[in-house]
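Geometric and topological summary
Chain residues, written in single-letter form:
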Amino acid sequence: MHHAYLFSGPTGVGKYTTALSFAASLNCLERSGEVLEDACGRCTACKRIEAGQHPDVLEIAPSGNFIKIDQIRAIQKAALSPPYEARYRAVIIDQAHAMTEEGANALLKTLEEPSARTLLFLITDQPHRLLDTIISRCQRLRFGALSDEEVARALPDVLEAPVDEALLKVAAGYGEGSLGRAYEVLESGMLEQREELLEAFLAVPADRANQWLETAERFGRGNSDLEAQLDVLIVYFRDLMLAGRADRGRVINADLMATIDKGVERFSLDATLRILDTLTEARGRLKRNVNAQLIVEGVLDQIRQPS
Ligand SMILES: [Zn+2]
């Protein structure tokens, strides 16, 4: 075992879950800990780790936009003493790239003088934002995107209620290789509303900007709902591109072919590309908290231009 691991890769592919499983298999009371085996999942150690209540598993995440120096100092202090009861203390630093420079330098000291029974897991989807000196002191494992089939197969395990297979496939397509994203989009309920939402937006007349906003509000308020709506539109226009080029097998909204065919007839490839650009940019601006009304008006301007 290495004393520090860096798990990098896209969000929602299992980096955090792997770190937690690692901590559990090291400390499972049913296992010796000498050889790495799957944790039992039933003993008190396993259960407390899963519930986030084990005193020797420290989970650090940004508070606000940053991981603050005090949080790193708490890690340093813990690493100086042996674990309370576990064989190994596990420190999981989620979104490790959010450490301040001061924090990163403080963590370097801990990485340079590791304690024998403390393991660090640094987790990030933006490894380029970590100091080289931190990266070089960790054992790095790269996590890749999952295939749509893998996402569709894993989804039922994390969902509370069963979902039919066609919808699982659609969610996997929306997830773009991330189980976490596919899960979120399913939970948002937006997938069930896709057809209604698309029909409503596409029916807004060219000269009624306000109606677009009203439509947006009908399907939810707030930036996260608007983001989900933009996702639906983005995937739809991407589907138009594929369907228009006879690549129908790769369409994500495979259950909405009638709505897709309508769009292919209405929008030229040129218009489709232009709208797709606008929508993608709008989603980026929404993430940066630009005023929703401005975003919506920008998108509408593109959609209502004659194709
Ligand atoms: Zn166990």
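Residues numbered from 1 in each chain as written. Predicted model: local features only at pLDDT ≥ 70, side-chain atom pairs only at ≥ 80, totals over all residues. Heavy atoms only, no water.

**Brief notes about helix α3 (residues 69–79)**
What counts here: Burial classes: relative accessible area under 20% of the type maximum marks a residue as buried, over 50% as exposed, and values in between as partly exposed (1.4 Å probe, protein chains only). Strands are runs of DSSP state E lasting at least 2 residues, helices are runs of H or I lasting at least 4, and numbering of each runs from the N terminus. Note on contacts: a residue pair is in contact if any heavy atoms of the two residues lie within 4.5 Å.
When α3 is considered as a whole, its buried residues turn out to be I69, Q71, I72, I75, A78 and A79. Those residues of α3 hidden inside the fold are in contact with β2 (57–60), β3 (89–93), α4 (101–112) and β4 (118–124).

**A word on the domain arrangement of the chain**
Where the parts come together, the accessible area they lose is often given as the size of the interface. The cut-off we apply is this: The source of the domain bounds is an automatic or database domain assignment.
Parsing the chain into structural domains produces domain 1 (4–142), domain 2 (146–187) and domain 3 (189–304). The gap between the C-alpha centroids of domain 1 and domain 2 is 27 Å.

**Some remarks on the sheet that holds β3**
The condition is simple: Any two strands with at least two DSSP bridges between them are considered paired. A fitted line through C-alpha atoms represents every axis, and for helices the fit uses only the stretch in contact; the resulting angles, taken between N-to-C directions, go from 0 to 180 degrees.
Strand order in this open sheet of five strands is β2-β3-β4-β1-β5, and the pairing throughout is parallel. Looking at strand neighbours, the two that pair on one side only are β2 and β5 (139–142), the edges of this open sheet. Taken over all neighbouring pairs, the strand axes of this sheet differ in orientation by 15° on average, direction set aside. Contacts between α3 and the sheet are confined to β2, β3 and β4, with β3 contributing the most and set at about 165° to the helix. Those strands touched by α4 are β1 (4–8), β3 and β4, and its axis lies near 140° from that of β4.

**Digging into the nonpolar core**
The line we're drawing: We call a set of buried residues a nonpolar core when its members are Ala, Val, Leu, Ile, Met, Phe, Trp, Tyr or Cys and they connect through side-chain atoms within 4.5 Å of each other.
In this structure, L155, Y174, L186, L191, F237 and L279 are the most contacted members of the largest nonpolar core, which totals 51 residues. Elements represented by at least two residues in this core include exactly α6 (148–158), α7 (165–175), α8 (179–187), α9 (194–202), α10 (209–218), α11 (222–244), α13 (269–287) and α14 (292–304). Take this core: its biggest share by element is 13 residues, from α11. No fewer than three residues from each of domain 2 (146–187) and domain 3 (189–304) sit in this core.

**Observations concerning the coordination of the zinc ion**
Applicable threshold: Water is absent from the atoms considered, so a metal site may look incomplete; donors are defined as N, O and S atoms within 2.8 Å of the metal, or 3.2 Å for Na, K and Ca. By the criteria applied here, four donors are tetrahedral when all angles lie between 85 and 135 degrees, four are square planar and six octahedral when opposite donors are over 155 degrees apart and every other angle lies between 65 and 115, and any other arrangement is irregular.
C28 (SG), C40 (SG), C43 (SG) and C46 (SG) make up the full set of protein donors to the zinc ion, lying at 2.3 to 2.4 Å. Classification of the site at the zinc ion as tetrahedral follows from its four donor atoms and the range of 101 to 119° in their angles at the metal. Read N to C, the donor residues that coordinate the zinc ion are spaced as C-x11-C-x2-C-x2-C.

**Considering unusual backbone geometry**
In this structure, Q95 takes a positive phi of about 50° despite not being glycine. One can find Q95 in the loop between β3 and α4. Positioned with a positive phi, E176 is a non-glycine residue whose angle comes to about 50°. Along the chain, the position of E176 falls in the loop between α7 and α8. Exposure remark for E176: the relative accessible area of 45% places this residue in the partly exposed category.

**Describing the packing of aromatic side chains**
Just so we agree on the cut-off: Here a pair means two rings of Phe, Tyr or Trp (six-membered ring of Trp) with centres within 6.5 Å. Their orientation is stacked below 30 degrees between planes, edge-to-face above 60, and tilted elsewhere.
Within this structure, the stated rule accounts for eight aromatic pairs. Ring centres of Y5 and F121 lie 5.7 Å apart, and the angle between their planes is 15°; this geometry places the pair in the stacked category. Here F121 lies in strand β4 and Y5 lies in strand β1, a separation of 116 residues in the sequence. Like F121, Y5 is buried. Here the aromatic residues Y5, F7, F22, F121 and F143 are joined through ring pairs into a cluster of three or more.

**Some words on α8**
Stated formally: Here the arc refers to the directions that run from the helix axis out to each C-beta atom. Pairing of N or O atoms within 3.5 Å defines a polar contact, subject to two protein rules: one partner must be a possible hydrogen donor and the other a possible acceptor, and residues neighboring in sequence count only if both atoms are side-chain atoms.
Considered for burial, the residues of α8 that qualify are L179, A182, V185 and L186. Axial view of α8: buried residues confined to an arc of 130°, hence all on one face. Tucked into the core, α8 has its buried residues touching α6 and α7. Its side-chain oxygen placed 3.4 Å from the backbone nitrogen of G180, S178 serves as the N-cap of α8. Note on α8: the residue one or two positions beyond its end, G189, has a positive phi of about 80°.

**Some words on the pattern of salt bridges**
Cut-off, in case you're wondering: For salt bridges, the criterion is a side-chain nitrogen of Lys or Arg within 4 Å of an Asp or Glu carboxyl oxygen.
Going through the model one piece at a time under the given rule, you end up with ten salt bridges. Salt bridges linked by common partners bring R181, D231 and R283 together as one network.

**Focus on the packing of α11 against helix α12 (residues 257–266)**
The condition is simple: Here roughly perpendicular refers to angles of 65 to 115 degrees, roughly parallel to angles under 35, roughly antiparallel to angles over 145, and oblique to all remaining angles. Any residue outside Ala, Val, Leu, Ile, Met, Phe, Trp, Tyr, Cys, Pro, Asp, Glu, Lys and Arg is labelled polar, Gly included; the first ten of those are nonpolar and the last four are charged.
The N-to-C vectors of α11 and α12 enclose an angle of 75°; their axes lie 9 Å apart at closest approach. Comparing the axis directions of α11 and α12 gives the class roughly perpendicular. Together, Y236, D239, L240, A243 and G244 of α11 and T259, I260, G263 and V264 of α12 make up the contact between the two elements. Grouping the constituent residues of the contact of α11 with α12 by class yields five nonpolar, three polar and one charged.

**Comments concerning the environment of R274**
Residue placement: R274 occurs in helix α13. On the basis of relative accessible area, R274 is assigned to the partly exposed category, the value being 26%. Between the C-alpha atoms of R274 and A90, which are 184 residues apart in sequence, the distance is 49 Å.

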